[in-house]
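Inside the fold
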Amino acid sequence: MLTVEQILTQLNTDDISFLPREAIEQAILQQEAITPALLTIIENVVKDPQSIDGTPAFTYALYLLAEFREKRAYPLIVKYFGELGLEDEALDPTGDIVTEDLKSILASVCNGDFGLIKQLIEDQKVNIFVRSAALSSLVILYNNNQLSRKDLVNYIETHIDRCLEEQDDPCFVGCLVSISCAIHPEELYEKFITCFDRNLIDKQMINESDLDRWMQMDKEKVIVELKENRKWQFINDVISEIEWWACFHPERYSPKNLSSISDSPTTKVGRNDLCPCGSGKKYKKCCLH
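Rules behind the numbers
- Residues numbered from 1 in each chain as written.
- Predicted model: local features only at pLDDT ≥ 70, side-chain atom pairs only at ≥ 80, totals over all residues.
- Heavy atoms only, no water.
- pLDDT = per-residue confidence, 0-100.
- Contact = heavy atoms within 4.5 Å.
- Phe/Tyr/Trp six-rings, centres within 6.5 Å; stacked < 30°, edge-to-face > 60°.
- Helix = DSSP H or I, 4+ residues; strand = E, 2+ residues; numbered from the N terminus.
- Buried < 20%, exposed > 50% of the residue type's maximum accessible area, 1.4 Å probe, protein only.
- Lys NZ or Arg CZ within 6 Å of the ring centre and 35° of its normal.
- Axes fitted to C-alpha atoms, helices over the stretch in contact; angles between N-to-C directions.
- Left-handed = near helix turned anticlockwise from the far one by under 90°.
- Salt bridge = Lys/Arg side-chain N within 4 Å of Asp/Glu carboxyl O.
- Parallel < 35°, antiparallel > 145°, perpendicular 65-115°, else oblique.
- Nonpolar A, V, L, I, M, F, W, Y, C, P; charged D, E, K, R; others polar.
- Expected span 1.5 Å × (residues − 1).

As for the confidence of the model for the chain
When pLDDT is averaged along the chain, the result is 90, and 87% of the positions lie at 70 or above. A low-confidence stretch, residues 261-267 stays under pLDDT 50, and its non-local contacts, those more than four residues away or across chains, total seven contacts. Across residues 276-281, confidence stays below pLDDT 50; counting only partners more than four residues off in sequence or on other chains, it has twelve contacts.

Laid out in structure tokens, this is it:
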């Protein structure tokens, strides 16, 4: 069995092509002993964001603490991601965590306390992708019976009403509509259409036709598919969440394999990459949401 110090050393490897599987497995077995050290890793990066470049273990700490449902990590994670800055490049130090799994991480560590998540959503000084992830985390909480449909719809409606009264980032309004489609928000359809009519929504993210396609689907089927969709779940198994990452499979990204990227359902596409759907748009402006 590895010691806590040995686990941390392996998690802090600079070799991004190496998945420290044994260290992660040992960390899970030694949850109580290693949790304080993982919290310290997060806390140190929050205090000195520049130190993240020399702290590869930060990423593993996020996922492990999420699997542990560690509420003490909640305010630290919110503070770090809430202060990243508005520019897209602010997300670069953490790769695609924000657009891939921050929603699941937030939902996993909040333990039913939605306050800090809502702060992220409502603060227009927070990066748009972080706000979107925070909003998505509420869908995960609904999907896992920690938030009622009525409360979720009412919360989304409150934001739509606010957006109709005062300007917000069109990308955020697009996120509101796109994410809402996951729960088949028939109650909000007319207000969404009003947002489109007033040009409040970035139509590269979702347009009226996209919304109508969702609304034409069977509501019960949409809800069932949401329940079964791995994308809308807590972090339950760190290794299964990250073992498919492109950095751990460089052979898949050799020049001869890049041409098949759009045919692979498990390919990890960065937010600034061209969307695999073939639209010619960046992923963040197309199928990301």
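Observations regarding the packing of aromatic side chains
Scanning all chains against the criterion turns up four aromatic pairs. Ring geometry for Tyr 63 and Trp 245: centres 5.6 Å apart, planes at 70 degrees, overall edge-to-face. One end of the pair, Tyr 63, is in helix α4 (residues 57-67); the other, Trp 245, is in the loop between α15 (238-242) and α16 (255-258), and 182 residues separate them in sequence. We classify Tyr 63 as buried; its relative accessible area is 1%. The exposure class of Trp 245 is buried, given its relative accessible area of 10%. Every member of this aromatic cluster is reached through a ring pair, and the members are Phe 58, Tyr 80 and Phe 81. When the ring centre of Phe 172 is taken as reference, the NZ or CZ atom of Arg 131 above it lies at 3.8 Å.

Considering the packing of helix α2 (residues 21-29) against α4
If you want to describe how two helices pack, look at the angle between their axes and the distance between the axes. Running from amino to carboxyl end, α2 crosses α4 at an angle of 35 degrees, the nearest separation of the two axes being 11 Å. Regarding α2 and α4, the two cross each other, and that crossing is right-handed. For the pair α2 and α4, the contacting residues are Ile 24, Ala 27 and Ile 28 in the first and Tyr 60, Leu 64 and Glu 67 in the second.

Examining the pattern of salt bridges
All chains considered together, the criterion is met by 14 salt bridges. For Glu 243, the salt bridge is made with Arg 21, and the minimal N-O distance between the two is 3.2 Å. One end of the pair, Glu 243, is in the loop between α15 and α16; the other, Arg 21, is in helix α2, and 222 residues separate them in sequence. By relative accessible area, Glu 243 is classed as partly exposed at 31%. Judged by its relative accessible area of 36%, Arg 21 falls in the partly exposed class. A cluster of three or more residues bridged by salt bridges with shared partners is formed by Arg 131, Arg 162, Glu 166 and Asp 168.

Section: the packing of helix α5 (residues 73-82) against helix α7 (residues 102-110)
Put simply, α5 and α7 touch, their axes get as near as 9 Å, and they point 150 degrees apart. Here α7 runs roughly antiparallel to α5, going by the angle between their axes. By crossing handedness, the relation of α5 to α7 is classed as left-handed. Seen from α5, the contacting residues are Tyr 74, Ile 77, Val 78 and Phe 81; seen from α7, they are Leu 102, Ile 105, Leu 106, Val 109 and Cys 110. In the contact of α5 with α7, the residues fall into nine nonpolar, no polar and no charged.

Here's the deal with helix α10 (residues 149-165)
With 17 residues, α10 ought to run about 24 Å at 1.5 Å a step, and its terminal C-alpha atoms sit 24 Å apart, in line with that. Of all the positions in α10, only Arg 149, Leu 152, Val 153, Tyr 155, Ile 156, His 159, Ile 160, Arg 162, Cys 163 and Leu 164 are classed as buried. Buried positions along α10 lie against α8 (115-122), α9 (128-143), α11 (170-180), α12 (189-197) and α14 (219-228).

Digging into the environment of Leu 135
Along the chain, Leu 135 turns up in helix α9. The class of Leu 135 is buried, set by a relative accessible area of 1%. Leu 135 has contacts with Ile 121, Cys 175, Leu 176 and Ile 179, leaving out every residue within four places of it along the chain.

A closer look at unusual backbone geometry
The phi angle at Asn 145 is positive, at roughly 60 degrees, despite the residue not being glycine. With respect to the helices, strands and loops of the structure, Asn 145 is situated in the loop between α9 and α10. The exposure class of Asn 145 is exposed, given its relative accessible area of 67%. Positioned with a positive phi, His 184 is a non-glycine residue whose angle comes to about 50 degrees. When you line up the elements, His 184 lands in the loop between α11 and α12. The buried category is assigned to His 184, whose relative accessible area is 3%.

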